[in-house]
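# Residue-level structural notes
As a plain string of letters, each chain reads:
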Amino acid sequence: MKAYEVNFDGLVGPTHNYGGLSYGNVASQSNSHQGSNPREAARQGLAKMKALADLGFKQGVLAPQERPDVAALRQLGFAGTDAQVIQRAAREAMPLLVASCSASSMWVANAATVSPSADTADGRVHFTAANLNCKYHRSIEHPTTSRVLAAMFGDEAHFSHHPALPSVAQFGDEGAANHTRFCRDYGQAGVEFFVYGRSAFDSRYPAPQKYPARQTLEASQAVVRLHGLSADAVVYAQQNPAVIDQGVFHNDVIAVGNGEVLFYHEDAFLDTEAVLTELRAKLAAKGGELQAICVPRATVSVEDAVRSYLFNSQLLSRNDGSMLLVVPEECRNNERVWTYLQQLTSLGTAVREVQVFDLKQSMQNGGGPACLRLRVALNETELAAVNQGVIMSAPLYETLLQWVDRHYRDRLVDADLADPLLLQECRTALDELTQILKLGSVYPFQRQP
Ligand code: SUG
């Protein structure tokens, strides 16, 4: 049966702002408290979805979350009406209000880890929502993420959903941003590659000195067990702690894979040779041949990789077997990276074309093309079982564009987050969105008695 990789892109929410909330994420830190443009951010994301759908790639959309998260603020002791909760938080603990307003759910590569049915013991597609427990503003995402994923992939004959792992640092889980699947064909059994930053229970593993390692080995192992993956189809690799300390907070900032191709920076992993040997052997046992494309540090430094987000690109398979690399505009603005990219397409690898997208609003918070999408490999039957309301089409694109223009502000600064009207605007917008995408009642405000 034919199978596809479907990219579900996170729709940027109406409170998109630059909160400076992610220590260890260079862009988030350096653009802290600048004014943002939520409308532009959502439009940039939609333009990428539309362009890729027009090129024939299967494309879906993942809804944003209710923000400000008033329930989260109540849990922290702010009481009264919703407006009073927001205003009290603004007066007494602005950083908490900012965190409760983050539109960070747009980076859906962190929403969950997904294993296709060809890899799992029970032949269903498995999803584990990521606890994202390293950052408070992200740790509040997973309950709604789980409801949205269940509303999109509701058919239990084909889809199995696991709640987030225990929300403690020892099981820190950042979802698909640290997970890559290699295969010969999307419908065939493949090899799942789990990259972790540290071990929580074994002090023999080195750890970064400066910035946090968000993903633990133990979290990745738990996901492997939950999804029913067999040992011959799994490879673990430790991310190089030195690159985490240079701002590589997720593996998808330094490597990307698709099909039989791994595109990675020379400094991405610890013990790279052993990792490649294991990947090559396990993929070969599944009938595939690993194509490892290494970018040497002498050509592109880690600093250039972090600035340009060269590796936070989407590697997309075209019908003729070649691949398209989708990169952010920042790659064109970096001379060394752009020179490299111009050579890449003629190196004789599967990568034949590079397309550039302007995603500046998201990039300024450290979210490039790959952060904005969750990949779900589906066969034709599974694809037909997905809630069709979330599959991108020309009419859906037009509807969403008009919806954004109707409801989103074009400028947001910290002071605006204290405006209770913003909460009403968001709820009105999201209520309408759940009807457009046919999601049912997934948001807390829709579920209150
Ligand atoms: O978790 N930024 C996100 C960016 C996530 C990128 N995702 C992947 N690499 N897959 C993060 O650090 C910044 C929010 C702020 O500062 O307002 C933020 O959460």
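As the structure is a computational prediction, the values presented were derived from the model and not from experiment.

Before going further, it helps to examine helix 2 (residues 38–54). Here helix 2 is 17 residues long and its end C-alpha atoms lie 24 Å apart, about the 24 Å a rise of 1.5 Å per residue gives. Just downstream of helix 2 lies Gly56, where phi reads positive at about 100 degrees.

Here we take up the site of the ligand. Around the ligand, a shell composed of 22 residues is seen, among which Leu21, Ser22, His137, Asp252 and Cys371 lie nearest. Considering the ligand on its own, with 490 Å² of exposed area, one finds that the protein chains cover 100% of that surface. Of the pockets mapped on this structure, the ligand occupies the second largest cavity. Residue classes in the shell around the ligand are distributed as seven nonpolar, twelve polar and three charged.

With that settled, the discussion passes to the UniProt feature "active site" (unreviewed entry) in the protein chain. UniProt records the feature "active site" (unreviewed entry) for Glu174, His250 and Cys371 in the present numbering. For this annotated set, covering 198 residues, all C-alpha atoms fall within 11.1 Å of each other, a compact arrangement in space. When only the residues just named are considered, the second largest cavity is lined by His250 and Cys371. Within the secondary structure, Glu174 is located in the loop between strand 5 (159–162) and strand 6 (179–182). Discounting residues that sit within four places of it in the chain, Glu174 has contacts with Ala109, Asn110, Ala130, Leu132, Asn133, Cys134, Arg214, Gln215 and His250. With respect to the secondary-structure elements, His250 resides in the loop between helix 9 (241–244) and strand 9 (255–258). For His250, a relative accessible area of 1% corresponds to the buried category. A distance of 2.7 Å separates a polar atom in the side chain of His250 from a polar atom in the side chain of Glu174.

Evaluated as defined, the whole model comprises six cavities of 30 Å³ or more. Computed from the structure, the largest cavity encloses a volume of approximately 310 Å³. Of the residues forming the lining of the largest cavity, the biggest block, five residues, is contributed by strand 15 (residues 373–379). Residues of the lining of the largest cavity, tallied by class, amount to 13 nonpolar, six polar and five charged. Taken as a whole, the second largest cavity spans an internal volume of roughly 170 Å³. Taken together, 21 residues make up the lining of the second largest cavity; nearest its centre are Ser22, Asn25, Trp107, His137 and Asn365. Its residues assigned to classes, the lining of the second largest cavity shows six nonpolar, 13 polar and two charged.

Scanning the model with the defined rule gives zero disulfides in all. With no disulfide partner, Cys101 has as its closest neighbouring cysteine sulfur the one in Cys426, 7.9 Å distant.

Quick notes on the rules
Residues numbered from 1 in each chain as written. Predicted model: local features only at pLDDT ≥ 70, side-chain atom pairs only at ≥ 80, totals over all residues. Heavy atoms only, no water. Helix = DSSP H or I, 4+ residues; strand = E, 2+ residues; numbered from the N terminus. Expected span 1.5 Å × (residues − 1). Near = heavy atom within 4 Å. Areas by Shrake-Rupley, 256 points an atom, 1.4 Å probe, with all protein chains shown as cover. 1 Å grid on protein atoms, 1.4 Å probe; cavity = no way out; pocket = protein on both sides within 12 Å on 5 of 7 lines; lining within 4 Å. Sits in = over half its atoms within 2 Å of the grid points. Nonpolar A, V, L, I, M, F, W, Y, C, P; charged D, E, K, R; others polar. UniProt positions renumbered as here; feature names shortened; annotations may be inferred. Contact = heavy atoms within 4.5 Å. Buried < 20%, exposed > 50% of the residue type's maximum accessible area, 1.4 Å probe, protein only. Polar contact = N/O pair within 3.5 Å; in protein donor to acceptor, adjacent residues only side chain to side chain. Points joined across faces, edges and corners; volume = space filled by probe spheres on them. Disulfide = S-S within 2.5 Å.

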